[in-house]
Amino acid sequence: MSATPAHLLPANETERLQSLHTYDVLPTLSEPLFDEFVALTAQVFSLPISLIAVVEEDEVHYPANHGMPGNAQQPRVEALCSTAIQQARTVVYHDLLLEDSDRLTPEAVRAAQDNKLRFYAGAPLRLPDQRLLGTLCIIDREPRTFSADEQQVLDHLAAVVSQAIAVRHTCLARSAAGAAQWEQLCTQLQEELRELTALVRYLFTRHGVQIPVPADLLAQVERRLLDLQRLLSEPQL
């Protein structure tokens, strides 16, 4: 029997958990490619922490982790990511110390306080069957504004991560040729992500860090994300 309170569970929880096991999510997200994604995400929003969270029955795992070493997993009842799964949408907490307690469990509030976390935003990640596996999230130890343009980019980043998971599954379900195809694509994706990370770093160095992130910088990131999606959508895949 699950130890997670019923109010944290989405209506399709049984099917969602079945999909998590079918797609073997944790080994997928342990690949270095997804570390590149969270490093880029932290860089785009000029924040110290970005994670990919996999929300299982009673535990949340963090297979890709930028900025919170040693934080491999925690009980689901303590995880901020649980609310994004329950609500099936991006959630933003501008200041966790001021957050309405009805939105979070007491355990999640205590865990955030213990870890000195103040800001959280998490966008849902989807499996190939469109069920939710977890979130791509960003975290700060200070309160923070978060604009509609920034949320759009976080959602776009989460969509690209979800697409990469789906393409990996398609490739590896084929044969040795599919595995080789994924390895080649993965190398291309990592190169693109590193170039985009370097571009964002250059833009912040040239123009200074501004919060919220300026719309013109976000637009450049959006254009490069479209390139990543095209790469993942090439006909031979």
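This text follows the structure it describes.
Below or above, wherever it landed, is the structure these notes cover. (Residues numbered from 1 in each chain as written. Predicted model: local features only at pLDDT ≥ 70, side-chain atom pairs only at ≥ 80, totals over all residues. Heavy atoms only, no water.)

Here we take up the packing of helix H6 (residues 148–172) against helix H7 (residues 176–207). Here H6 crosses H7 at 150°, and the two axes come no closer than 7 Å. Put simply, H6 runs roughly antiparallel to H7. Here Ala 164, Val 167, Arg 168, Cys 171 and Leu 172 of H6 lie close against H7, whose contacting residues are Gly 178, Ala 179, Gln 181, Trp 182 and Leu 185. Here the residues of the contact of H6 with H7 sort into seven nonpolar, two polar and one charged. (Axes fitted to C-alpha atoms, helices over the stretch in contact; angles between N-to-C directions. Helix = DSSP H or I, 4+ residues; strand = E, 2+ residues; numbered from the N terminus. Parallel < 35°, antiparallel > 145°, perpendicular 65-115°, else oblique. Contact = heavy atoms within 4.5 Å. Nonpolar A, V, L, I, M, F, W, Y, C, P; charged D, E, K, R; others polar.)

Summed over all chains, the structure comprises four aromatic pairs. By the ring-pair criterion, three or more aromatic residues cluster together here, those being Phe 45, Phe 119 and Phe 146. Lying over the aromatic face of Phe 119, Arg 144 brings its terminal NZ or CZ to 5.8 Å of the ring centre. (Phe/Tyr/Trp six-rings, centres within 6.5 Å; stacked < 30°, edge-to-face > 60°. Lys NZ or Arg CZ within 6 Å of the ring centre and 35° of its normal.)

This part takes up helix H8 (residues 215–232). Three or four residues apart is the spacing at which side chains of an α-helix point the same way, because the helix has 3.6 residues per turn. Between its terminal C-alpha atoms H8 stretches 25 Å, which fits the 26 Å expected from 18 residues at 1.5 Å a residue. Taken together, the buried positions of H8 are Leu 217, Leu 218, Val 221, Glu 222, Leu 225, Leu 228, Gln 229, Leu 231 and Leu 232. For H8, the elements touching its buried residues are helix H3 (32–44), H6 and H7. (Expected span 1.5 Å × (residues − 1). Buried < 20%, exposed > 50% of the residue type's maximum accessible area, 1.4 Å probe, protein only.)

Taken in spatial order, the six strands of this open sheet run E3-E2-E1-E6-E5-E4, and their pairing is antiparallel. At either end of the open sheet lies a strand with only one pairing partner, and these are strand E3 (73–75) and strand E4 (91–93). Strand after strand, the sheet turns through a mean of 25° between neighbouring axes, direction not considered. Judged from the three bridges that link them, strand E2 (residues 59–66) and E3 form a sheet pairing that is antiparallel. (Pairing = 2+ DSSP bridges.)

The next point concerns the pattern of salt bridges. If you walk through the whole model with that rule in mind, you get ten salt bridges. A salt bridge links Glu 192 to Arg 224, with the nearest nitrogen and oxygen atoms 3.9 Å apart. Here Glu 192, found in helix H7, pairs with Arg 224, found in helix H8; they are 32 residues apart in sequence, far enough to count as distant. When the shortest N-O distance is used, the salt bridge between Arg 224 and Glu 195 registers 3.5 Å. Of this pair, Arg 224 sits in helix H8 while Glu 195 sits in helix H7; the two residues are 29 residues apart in sequence, bridging distant segments of the chain. Among the ionic contacts, a cluster of salt bridges with common partners joins Glu 13, Arg 16 and Arg 76. (Salt bridge = Lys/Arg side-chain N within 4 Å of Asp/Glu carboxyl O.)

Relative to each other, H3 and H6 sit at 175°, their axes nearing to 11 Å. On the basis of their axis angle, the class for H3 and H6 is roughly antiparallel. In this structure, H3 contributes Phe 34, Phe 37, Leu 40, Thr 41 and Val 44 to the contact, and H6 contributes Val 153, Leu 154, Leu 157, Val 160, Val 161, Ala 164 and Ile 165. Partitioned by chemical class, the residues of the contact of H3 with H6 number eleven nonpolar, one polar and no charged.

On to the pairing of E2, then. Pairing analysis gives five bridges linking strand E1 (residues 49–55) to E2, with the strands arranged antiparallel. Within the sheet, the bridge partner assigned to Val 54 lies in E2 and is His 61. Between E2 and E3, which pair antiparallel one after the other, the connecting turn spans six residues, and Gly 67 there sits at a positive phi close to 100°.

This part is about H7. Look at H7: 47 Å from first C-alpha to last across 32 residues, which is about the 46 Å you get at 1.5 Å a residue. If you check which residues of H7 are buried, you get Gly 178, Trp 182, Leu 185, Cys 186, Leu 189, Gln 190, Leu 193, Leu 196, Thr 197, Val 200, Leu 203 and Phe 204. Elements in contact with the buried residues of H7: H3, H6 and H8. Positive phi appears at Gly 208, one or two residues downstream of H7, with a value of about 85°.

Before going further, it helps to spend a moment on the pairing of strand E5 (residues 119–126). Counting buried positions over the eight residues of E5 gives seven, a clear majority of the element. Note: E4 against E5, three bridges, orientation antiparallel. In the strand pairing of E5, Tyr 93 is matched with Tyr 120. With eight bridges joining them, E5 and strand E6 (residues 132–140) adopt antiparallel strand pairing. For Leu 125, the partnering residue across the bridge sits in E6 and is Gly 134. Hairpin remark: E5 followed by E6, antiparallel, with five residues in the connecting loop; positive phi at Gln 130, about 75°.

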